[in-house]
Amino acid sequence: EYGRASVKILKKSDIFKNIPDNSVFWMSHGDSVSELPEEFELIASSSTCPVAAVGNPNKKIYGVQFHPEFKSRPNRPHPLFRDFIRAAVEKRYNR
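Quick summary incoming for the structure in this document. (Residues numbered from 1 in each chain as written. Predicted model: local features only at pLDDT ≥ 70, side-chain atom pairs only at ≥ 80, totals over all residues. Heavy atoms only, no water.)

**Some thoughts on a nonpolar patch on the surface**
Alright, step 1. Residues F84, I85 and V89 make up a contiguous nonpolar surface patch of roughly 280 Å² in combined accessible area.
Alright, step 2. Along the chain, I85 falls in helix 1 (residues 79-93). (Patch = residues over 30% accessible without salt bridge, like charges linked within 9 Å, V, L, I, M, F, W, Y side chains within 5 Å. Areas by Shrake-Rupley, 256 points an atom, 1.4 Å probe, with all protein chains shown as cover. Salt bridge = Lys/Arg side-chain N within 4 Å of Asp/Glu carboxyl O. Helix = DSSP H or I, 4+ residues; strand = E, 2+ residues; numbered from the N terminus.)

**Digging into the pairing of strand 5 (residues 61-64)**
Alright, step 1. Strand direction decides the pairing type here: strand 4 (residues 53-56) and strand 5, joined by four bridges, are antiparallel. Residue N56 lies in a different strand from strand 5, and its bridge partner there is I61.
Alright, step 2. Hairpin connection from strand 4 to strand 5: four residues lie between these consecutive antiparallel strands, with K60 at a positive phi of about 60°. (Pairing = 2+ DSSP bridges.)

**Brief notes about the environment of F66**
Alright, step 1. Relative to the helices and strands, F66 resides in the loop between strand 5 and helix 1.
Alright, step 2. Each C-alpha atom of the pair F66 and F25 lies 6.4 Å from the other, and the pair is 41 residues apart in sequence.
Alright, step 3. Those residues in contact with F66 that lie beyond four places of it in its chain are F16, F25, W26, M27, A52, A53 and L80. (Contact = heavy atoms within 4.5 Å.)

**Overview of the nonpolar core**
Alright, step 1. Core analysis: the largest hydrophobic core is formed by 15 residues, its most contacted members being V7, F16, M27, A44, A52, F66 and L80.
Alright, step 2. At the level of secondary structure, the elements contributing two or more residues to this core comprise strand 1 (2-9), strand 2 (22-28) and strand 3 (41-46).
Alright, step 3. Looking at this core element by element, the count peaks at three residues for strand 1.
Alright, step 4. Ignoring anything within four residues of it in the chain, the contact list for A52 reads V7, M27, A44, S45, S46, G63, V64, Q65 and F66. (Core = buried A, V, L, I, M, F, W, Y, C linked by side-chain atoms within 4.5 Å. Buried < 20%, exposed > 50% of the residue type's maximum accessible area, 1.4 Å probe, protein only.)

Pasting the structure below:
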């Protein structure tokens, strides 16, 4: 998949707290996930990328198949980065 893709957030998680349920992200990959690792769950998908994001909420581990660093809004941080940093800081200081 390459280019803009409409991604559906299927389950809210630490990294998708402030992301609309239907969002546009930039895809640029030729690989795909065929099986989720044990204890991981599907949290986002697109029409051409059934596994666009996965997460293990117990271990606070997440993976995405899109480029969260790409943004079409210059000079404004991407909300996914804000949520990712917030989740990382909360995990570090709430041990």
